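The chain contents come next:
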Amino acid sequence: MLPPIIKENYGKWKYHEILKPGVLVHVSESGAELYTVRVGSPRLISIYFIRDICEIADKYCDGYLRFTSRNNIEFLLSNKDNIEPLIAEVKAKGLPVGGTGNSITNMVHTQGWVHCHTPATDASGIVKAVMDELFEYFETMKLPAKMRISLACCLNMCGAVHCSDIAILGIHRKAPVINHENLKNFCEIPTVIASCPTAAIRPNPKLKSVEIKEERCMYCGNCYTMCPSIQIIDPENDAISIWVGGKVSNARSTPMFSRLAIPYLPNNPPRWPEVVDAVKKLVELWAANAKQGERMGEWIERIGWEKFFQLAELPFTDKHIDDFTYAVTTFRSTTQFKW
Ligand code: SF4
Ligand code: SF4
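Quick caveat: nothing in here was measured; it's all calculated off a predicted structure.

Colleague: Just give me the short version of the state of the cysteines, but keep the residues and values in it.
Modeller: Tallied over the full model, the rule gives 1 disulfide. A sulfur-sulfur separation of 2.1 Å characterises the disulfide bridge that pairs Cys 187 with Cys 227. Every disulfide takes its handedness from the sign of the S-S torsion; for Cys 187 and Cys 227 that torsion is 75°, giving right-handed. In this pair, Cys 187 sits in the loop between α6 (180-186) and α7 (189-194) while Cys 227 sits in the loop between α8 (222-226) and β11 (230-231), placing the two residues 40 residues apart along the sequence. For Cys 187, a relative accessible area of 9% corresponds to the buried category. You can call Cys 227 buried: its relative accessible area is 0%.

Colleague: How would you sum up the pattern of salt bridges? Please name residues and give values.
Modeller: Under the criterion given, the structure shown has 17 salt bridges. In this structure, Lys 280 and Glu 284 form a salt bridge, with 3.9 Å as the shortest nitrogen-oxygen distance. Of this pair, Lys 280 and Glu 284 are both found in helix α9 (residues 273-289), 4 residues apart, which corresponds to roughly one turn of the helix. Residues joined in a network through salt bridges with shared partners are Arg 38, Arg 66 and Glu 74.

Colleague: Explain a nonpolar patch on the surface residue by residue, including any values.
Modeller: A surface patch of nonpolar side chains, amounting to about 410 Å² of accessible area, comprises Phe 316, Ile 321, Val 328 and Phe 331. Note on placement: Ile 321 falls in the segment after α11 (305-311). Assessed through its relative accessible area of 45%, Ile 321 is described here as partly exposed.

Colleague: Could you give an account of the sheet that holds strand β12 (residues 239-244), naming the residues involved and the relevant values?
Modeller: An order of β6-β7-β12-β13 is seen for the 4 strands of this open sheet, with the pairing classed as mixed. Two strands in the sheet have a free side with no partner beyond their single neighbour: β6 (149-152) and β13 (259-266). When the angles between neighbouring strand axes are averaged without regard to direction, this sheet yields 20°. Both β6 and strand β7 (residues 166-171) contribute to a ladder of 4 bridges, which runs parallel. Within β7, the residue paired with Ile 149 across the bridge is Ile 166.

Colleague: So what about the layout of surface pockets? Which residues, and what values?
Modeller: Summary: where empty space remains is shown by rolling a probe the size of a single water molecule over the atoms. Of the voids in this model, the largest pocket is the one considered here, and its volume is about 2200 Å³. Lining the largest pocket are 45 residues, with Trp 243, Leu 260, Lys 319, His 320 and Asp 322 positioned closest to its centre. Looking at the lining of the largest pocket, the elements that each hand over two or more residues are β7, β12, β13, α10 (296-303) and α11. Across the lining of the largest pocket, the residue classes break down as 25 nonpolar, 11 polar and 9 charged. The volume enclosed by the second largest pocket comes to roughly 350 Å³.

Colleague: Can you tell me about the sheet that holds strand β2 (residues 23-28), naming the residues and giving the values?
Modeller: Pairing in this open sheet of 5 strands is antiparallel, and the strands run β1-β2-β3-β5-β4 from one edge to the other. Taken across any chain shown, the strands that pair with only one partner, and hence form the sheet edges, are β1 (13-20) and β4 (65-67). Here the average twist between neighbouring strands, direction ignored, is 25°. With 5 bridges connecting them, β2 and strand β3 (residues 33-39) associate as antiparallel partners. Looking across to β3, one finds that Val 23 is bridged to Val 37. Relative to β3, helix α3 (residues 83-92) is tilted by about 10°, and along the sheet it contacts β1, β2, β3 and β5 (73-77).

Colleague: So what's going on with the site of ligand 2? Residues and values would help.
Modeller: Taken together, 14 residues lie around ligand 2, and Cys 196, Cys 217, Cys 220, Gly 221 and Cys 223 are the ones closest in. A per-class count over the shell around ligand 2 returns 11 nonpolar, 3 polar and no charged.

Colleague: Can you break down the packing of helix α2 (residues 47-60) against α3 residue by residue, with the values?
Modeller: Running from amino to carboxyl end, α2 crosses α3 at an angle of 165°, the nearest separation of the two axes being 10 Å. Looking at the two axes, α2 sits roughly antiparallel to α3. Crossing of α2 over α3 shows right-handed handedness. Contacts between α2 and α3 involve Ile 56, Lys 59 and Tyr 60 on the former and, on the latter, Pro 85, Leu 86, Glu 89 and Val 90. For the contact of α2 with α3, the per-class residue count stands at 5 nonpolar, no polar and 2 charged.

Conventions used here
Residues numbered from 1 in each chain as written. Chains lettered and ligands numbered in written order. Predicted model: local features only at pLDDT ≥ 70, side-chain atom pairs only at ≥ 80, totals over all residues. Heavy atoms only, no water. Disulfide = S-S within 2.5 Å. Helix = DSSP H or I, 4+ residues; strand = E, 2+ residues; numbered from the N terminus. Buried < 20%, exposed > 50% of the residue type's maximum accessible area, 1.4 Å probe, protein only. Salt bridge = Lys/Arg side-chain N within 4 Å of Asp/Glu carboxyl O. Patch = residues over 30% accessible without salt bridge, like charges linked within 9 Å, V, L, I, M, F, W, Y side chains within 5 Å. Areas by Shrake-Rupley, 256 points an atom, 1.4 Å probe, with all protein chains shown as cover. Pairing = 2+ DSSP bridges. Axes fitted to C-alpha atoms, helices over the stretch in contact; angles between N-to-C directions. 1 Å grid on protein atoms, 1.4 Å probe; cavity = no way out; pocket = protein on both sides within 12 Å on 5 of 7 lines; lining within 4 Å. Points joined across faces, edges and corners; volume = space filled by probe spheres on them. Nonpolar A, V, L, I, M, F, W, Y, C, P; charged D, E, K, R; others polar. Contact = heavy atoms within 4.5 Å. Near = heavy atom within 4 Å. Parallel < 35°, antiparallel > 145°, perpendicular 65-115°, else oblique. Left-handed = near helix turned anticlockwise from the far one by under 90°.

If you want it as C-alpha cells, here you go:
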C-alpha cells in the first residue's frame, strides 16, 4: 500500500518543508524527495468522489494517496513536475488545496442527523457553514499558530472537541421523558441507573421502571444511550455550546482540555449563522492578539480567562463555573487576578 519512495526511505527522513499552503516536501537521507499535496474533503463522501480522487492519484501519483487524521486527502508524488497539474485538476473539481502550517485545517466532526440517534445537533451541516466562512484560513498560513476546530453533536464527544482550540458541541437543555410502558421490555434497569453521572435516576418498582429527579439532571443524555425508552431529543431546546483552548500537542505547553466559552447558541439550520459568527469572532480575536506560535489555550492562559471573556465580549455566567467532581480544582485559589 505504500508508495515505493516511502517504502525505500521508511524511517530515514531527514527534514521536511512546507513549499506553499497545501504542499509539502520530505527529503530523505538518500536525497530522495517525496511531495505531498493536501486537499480538503467533506469526510462524508460518495463512492463517486472516491473514484474521482483515485483517478487523479492514478494520473499523477502512480495510484497512491492517503487520508490524514483530520480527514484531508494527501496525494503523494515522487515527480515534482506533477504538482501544479494535479493542483489545477483538483481545483477544477472544486476541491481546495491547503490545511498545512498555521492554517485552519479540516474540522474533525461526527455523525449528526445523518446517522446517529443521540445528537443534539447536526455535524456535516455546521461544518460546511463554518468552513465556508473560514475558507481563506484553509488556503493560507497567516494565523499565529495552528487552529484546530472540531465538532461533536452530543457530549459523548466522539472525536476531538475536548481537546481543540475551538470546539462546537451539541447540548440538550431539558430532562428526558420516560416511557414507563415499555421501559421494562427494552432496558436493563441497573445499567440505566448506573449510567447517570449525577445519580439522578432511581428505580420505580411500582411501574417496573425508573424515575428521574429533574433537579439533579444536567441533560447529558447518557441514560438515553442506554435505554431507548428514555427520550431526550427535543428540537425546541437542543442547542449548541462553544468551547475554547484545548490542544493535544506537548509543544511549548502541556496538552489542555477545552473549556466552556458560550453555553448556549440556537440550533439554526441550514447555515447556523449564530455559531458561524461566534466561531469566526473567536478565531479573529485570537489571531489579532496571540503571539506568533501561541495556540488559543496558551494565549488565554497568558492573558487570563477574565481578560479573555472581556475581549471576546462574552457574558460570564453561572454555567461557566464548574460544579462537578473536582470542581474545586478549577476555582481561583489566589489573589492574583485582573479587574
Ligand atoms: S457525538 Fe454523540 S451524537 Fe454525535 S456521533 Fe458521537 S455519539 Fe452520536
Ligand atoms: S440525562 Fe444524564 S443527568 Fe439526566 S438523568 Fe439521564 S443520565 Fe442522568
